[in-house]
Number of protein chains: 4
Amino acid sequence: MPLTLDALNAMSRDDFITALGSIFEHAPWVAEGAAGKRPFATVADLHRAMLDVVEAASADTQTMFLRGHPDLAGKAARDGALTADSTAEQAGAGLDRLSETQYARFHQLNTAYTQRFGIPFIVCVRRHTRGSILRQFERRLTNDAAAERATALREIGLITRLRVDGAVEGSGKPNVNGRLSTHVLDTHMGRPAEGVRIDLFEMQDDGPETKLATTTTNADGRTDKPLIGGQPLRIGVYELRFHIGAHFARRGVPAADTPFLDIVPLRFGIADPEGHYHVPLLATPWSYSTYRGS
Amino acid sequence: MPLTLDALNAMSRDDFITALGSIFEHAPWVAEGAAGKRPFATVADLHRAMLDVVEAASADTQTMFLRGHPDLAGKAARDGALTADSTAEQAGAGLDRLSETQYARFHQLNTAYTQRFGIPFIVCVRRHTRGSILRQFERRLTNDAAAERATALREIGLITRLRVDGAVEGSGKPNVNGRLSTHVLDTHMGRPAEGVRIDLFEMQDDGPETKLATTTTNADGRTDKPLIGGQPLRIGVYELRFHIGAHFARRGVPAADTPFLDIVPLRFGIADPEGHYHVPLLATPWSYSTYRGS
Amino acid sequence: MPLTLDALNAMSRDDFITALGSIFEHAPWVAEGAAGKRPFATVADLHRAMLDVVEAASADTQTMFLRGHPDLAGKAARDGALTADSTAEQAGAGLDRLSETQYARFHQLNTAYTQRFGIPFIVCVRRHTRGSILRQFERRLTNDAAAERATALREIGLITRLRVDGAVEGSGKPNVNGRLSTHVLDTHMGRPAEGVRIDLFEMQDDGPETKLATTTTNADGRTDKPLIGGQPLRIGVYELRFHIGAHFARRGVPAADTPFLDIVPLRFGIADPEGHYHVPLLATPWSYSTYRGS
Amino acid sequence: MPLTLDALNAMSRDDFITALGSIFEHAPWVAEGAAGKRPFATVADLHRAMLDVVEAASADTQTMFLRGHPDLAGKAARDGALTADSTAEQAGAGLDRLSETQYARFHQLNTAYTQRFGIPFIVCVRRHTRGSILRQFERRLTNDAAAERATALREIGLITRLRVDGAVEGSGKPNVNGRLSTHVLDTHMGRPAEGVRIDLFEMQDDGPETKLATTTTNADGRTDKPLIGGQPLRIGVYELRFHIGAHFARRGVPAADTPFLDIVPLRFGIADPEGHYHVPLLATPWSYSTYRGS
């Protein structure tokens, strides 16, 4: 049962620290520092106050804090030695299902990063797919130390914003979720296409695709709920596959045994986890188009 | 060196039979029957005359002739016991690279077909991919014997039309080749998109995709030669993949690290091996469309 | 102030007849006949009961009733001798602003129609434009008498349904209104196009266009309210003109002095007055598309 | 009968001056100056040599030369006092068919221009429509004298390039012509749309449209010859109107009495008179798109 902001504002200092002590990884002192700033008018204010504690800390304390974070797909993860939050977050991005090659790549990058910066690589994995984590990792290895430290703190802001969002109910919650939706128009008949099966896949450059969802369009050519909603959209490459050949066959459109269009793939990237991506399909048996809509 | 129609019209009866004896599988009597109909005005007339010999033959002779054809992906193929033409034709469709499961499926279908119809399954494999051969096989097993015999003879007409086309030069050659072409328009700049890498794949329902070609668009947004040309288009499902993200990056269009469009796949079916399929891409960084063009 | 269905159900028979006596043109007997069927559960039931009275009347009574309707754009209209409802309805379709030529055409058609069928030409003008009325007129002149009488009664059903809808509040009101909406997507930027001026015109085959509305898109690329709403869409031909050149100029897209796209017209027909027509524009400086959406 | 470059190279100096004396308006000294530079390898070289004579002339001579040009739509034009070339060129742009208001506007601009710059306004009218001439006129009035003199000489280069092109046959002719083409694809049937009537109009901001051409698509959905070809495309705004409703009706597609799409207008600007504008239409009964193609 989630905490409420009102309850957090009213409870004792010790209870407050207990309640929020695990939001910042192995750093109950962050909650401790924020306890005295109560009451908070909004959930966003609470989170801001906690970040202020981190930013006001000495460089040494910050370094210790950053060092308290686990390696991604590292030994601690394989040994089950992560916090509950970290375990769930790494699994959600598929980091618990890496091939041996991928583990080896992460190990190599973790080692290089720690040697270069003296801290573990920190990224808000709930906003990422495996592929985008690896790209980030490689890019950030080329940063200088100051830029990289700022990036790590910014990622901690994103990680803990999601944790606060999940843990605390109340007004003034920040928008942490994105939305992926679609819409199928049959421009052969001039109507929404009903009953079209849609599969959604996460694509990997160097590995197999992962099916994320299968759904069917309703009478308005839309899906009853977003393809992805109620969570950040993970940065990555996706493919929607529309079974449009079966739709036109049901509508009685004559087609060859191998129709020109059968399963139509739309491949697109998501770069903004908190954004709304509307990716519609307009199709006839002989043509189709798509666009980023609104 | 190909024969010419003029030479065939002028040569002795025996030479004519030797020259064309292998066009119809193990049936030099077909060439023998056509020899007396010379001279032929066109290559198509020559082929027509040979088909007339087959059609005029007795039912028993036809049956013997049909039985002279090899099983697809059968024991003879694995043992290297096919005619040169059959070997090349079966390999071209990928029948020499089947998995054990696929061999087993062909074996099963060959057995069922022969038991049901008393003849081997005959199809013009040069007009097909593995997938479309299997679909044909399954559908034709449900035919009645008369319809299936007519189908087998029609396929022999297609097989031998291609063999005659390859063997004989002269006027009046039938159109046996199809063409697959594309065209990339950058509707962000209002110009043909030059330098776009395009990969063409043959797709399989139940197996890995096969890359058929990689090319790059020229200054007119087209490819210097057709993606497929000078042969029948094999019935099947294909995917063109356009590296459009790299194009817009080269043009200096600002994009996220994970652009909305990077590699755009267009998946389509080819049903008409002798047709022209023009499958263009019109793209901006945020939208694209395709259609069967001309 | 509109009547309510509850009040109509509760009032005296005489008051009911007074209240609804003018819904059917010069025929208070229709309200009289429906008075005894009260109470009505829905507004649609009330209208249905009144139509039943007309349908149950003798052929002679029906003929008299039909003859009680005025000519379209006829002498009565020019002399101001129509009922208030008829005057407003004919003006709404622009029948009070005809050229002399158009008046002459209507006069000619009215004469031919009355001679042929013995009744005036009746059409629900609130669902029509001048052009579609003329097309109906010409087509219906070719009907036989029985078909045409049925058509006239069907049109009276549509006329009075709208009158009842305007006069009576209550539950169960039929859907008598259509909606025309639009949406502008800038597929050059991948965003809704804000601030785009849109003009809506009614087109005539043989006369000048009439501007119906001018509006501007909001931040979502839509208009704050439908282009047409709260009334039937008049059957006819329309043109939306989008000032898209000015939009791209404001966005800083380089363009020639005479840009390729400046004002984009979309011309379309409306055939279903109670339907929803969504006619979006997807545009770059070099391309655009539209479709009947939902 | 056009002159040939070879003949011009071979003829006497006097004949050369007679032959080309009228290319530069009232300035036979230009041909005279170029006569000694013979022989010319290409027609472009001949034209270049004549321009060099103008550019090498003294400022006073140039001014006299520029003053030798007639006003656009001026008194000389109305009195029939122009050279044959100028008369034809001004008529081609419709300057002989101006309304009194438009004449008055030209008169006003001519006066303002001459007062400001001491020379008449010179523009290559064969590359313009009335509308674009007026826009140029208004814009160039804001130039400074040096920029405007350079512009006038550049326009004379364009005028005389076209005159030389029309007068002289030979190798190395510059590209002076543009091309407007179209293409209609029926994406409902997946085929080129044959037999579609197309009308081409020149649009004016403040005046009636002018029909330039009516044509019909051939079996490939194209027109047998370009909509405009063999001449410069005049800078201006155009509208193509495709009678697509009649096409779908002929194909048996069910449609309402007022179809959603009947006559589809595509409005576009031409800014580059020597360019190729390909403006195709892709249409179903419920959607269409266009783009600047190649």
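Every chain is numbered on its own, with residues counted from 1 as its sequence reads. Labels are handed out in written order, letters beginning with A for the chains and numbers beginning with 1 for the ligands. Totals for whole chains, interfaces and linings use every residue, but because this is a predicted model, local features are given only for residues with pLDDT of at least 70 and side-chain atom pairs only at 80 or more, for both listing and counting.

### Quick word on the environment of isoleucine 17 of chain A
Tracing the backbone shows isoleucine 17 of chain A in helix H2 (residues 13–20). Those residues in contact with isoleucine 17 of chain A that lie beyond four places of it in its chain are Pro28, Ala31, Glu32 and Ala35 of chain A. Numbering of helices and strands runs from the N terminus; a helix is a DSSP stretch of H or I covering at least four residues, while a strand is a stretch of E covering at least two. Remark: residues whose backbone-derived C-beta atoms lie within 7 Å of one another are considered to be in contact.

### Things to note about the domain arrangement of chain A
Residue and element names in this part refer to chain A. You can read the domains of chain A as domain 1 (3–169) and domain 2 (178–289). For each domain, the first and last residues come from an automatic or database assignment. Just the C-alpha atoms count here: the centres of domain 1 and domain 2 sit 35 Å apart. Listed by partner, the interface residues are 8 residues for domain 1 and 9 residues for domain 2. A per-class count over the side of domain 1 that touches domain 2 returns 1 nonpolar, 4 polar and 3 charged. Gly is placed with the polar residues, together with every amino acid not listed as nonpolar (Ala, Val, Leu, Ile, Met, Phe, Trp, Tyr, Cys and Pro) or charged (Asp, Glu, Lys and Arg).

### Comments concerning the sheet that holds strand E3 (residues 178–181) of chain C
Residues and elements named next belong to chain C. Strand order in the open sheet made by the 3 strands is E8-E3-E11, with mixed pairing throughout. Looking at which strands have only one partner, the edges of the open sheet turn out to be strand E8 (228–231) and strand E11 (276–278). Averaged over neighbouring strand pairs, the angle between their axes works out to 10 degrees when direction is ignored. In short, DSSP must find at least two bridges between two strands for them to pair. Pairing analysis gives 2 bridges linking E3 to E8, with the strands arranged antiparallel. Every axis corresponds to a line fitted to the C-alpha atoms, with the helix fit spanning only the stretch in contact, and the corresponding angles, defined between N-to-C directions, vary from 0 to 180 degrees.

### Some details on the relation of the copies chain A and chain B
Superposition of the copies was done by least squares, using only C-alpha atoms of residues whose pLDDT is at least 70 in both. Mapping chain A onto chain B is achieved by rotating through 180 degrees and translating by 0.1 Å along the same axis, at an RMSD of 0.1 Å. One copy is carried onto the other by what is essentially a two-fold rotation axis. Rotation axis and chain A: the residue whose C-alpha lies nearest the axis is serine 289 of chain A, separated from it by 1.9 Å.

### Observations concerning the interface of chain A and chain B
Contacts between the two partners involve 26 residues from chain A, matched on the other side by 26 residues from chain B. For the side of chain A that touches chain B, the elements supplying multiple residues, two or more each, are strand E9 (236–243), strand E10 (263–270) and strand E13 (287–291) of chain A. The greatest single-element share of the side of chain A that touches chain B, amounting to 7 residues, is contributed by E10 of chain A. Residues belonging to the side of chain A that touches chain B are distributed by class as follows: 15 nonpolar, 7 polar and 4 charged. Both E13 of chain A and strand E13 (residues 287–291) of chain B contribute to a ladder of 5 bridges, which runs antiparallel. Note on E13 of chain B: the bridge partner recorded for serine 289 of chain A is serine 289 of chain B.

### Comments concerning the packing of helix H2 (residues 13–20) of chain D against helix H3 (residues 28–35) of chain D
All names here are of chain D. For the pair H2 and H3, the least separation of the axes is 8 Å and the interaxial angle reads 140 degrees. Considered as vectors, H2 and H3 are oriented oblique to each other. Once H2 is placed against H3, the crossing between them reads as right-handed. On H3, the residues touching Arg13, Phe16, Ile17 and Leu20 of H2 are Pro28, Ala31, Glu32 and Ala35. Taken together, the residues of the contact of H2 with H3 break down into 6 nonpolar, no polar and 2 charged. An angle below 35 degrees is treated as roughly parallel, one above 145 as roughly antiparallel, one from 65 to 115 as roughly perpendicular, and anything else as oblique. Here a crossing is called left-handed whenever its near helix is offset anticlockwise from the far helix by less than a right angle, and right-handed whenever the offset is clockwise.

### Concerning unusual backbone geometry
All names here are of chain A. Arginine 38 connects to proline 39 through a cis peptide bond whose omega is 0 degrees. Its location among the elements puts proline 39 in the loop between helix H3 (28–35) and helix H4 (43–56). A positive phi angle, close to 55 degrees, is found at alanine 73, a residue other than glycine. Counting through the fold element by element, alanine 73 comes out in the loop between helix H5 (59–67) and helix H6 (75–78). Every C-beta atom is placed from the backbone, and the number of other C-beta atoms within 10 Å of a residue's own sets its class: buried at 20 or more, exposed at 12 or fewer, partly exposed in between. By the C-beta count within 10 Å, which is 25 here, alanine 73 ends up buried.

### Details of the packing of H3 of chain A against H4 of chain A
Residues and elements named next belong to chain A. Closest axis-to-axis distance for the H3/H4 pair is 8 Å, and the angle between their directions is 115 degrees. As H3 packs across H4, the resulting crossing turns out to be right-handed. Only Ala49, Met50, Val53 and Val54 of H4 make contact with H3, whose side of the interface consists of Val30, Ala31, Gly33 and Ala34. Of the residues in the contact of H3 with H4, the class split is 7 nonpolar, 1 polar and no charged.

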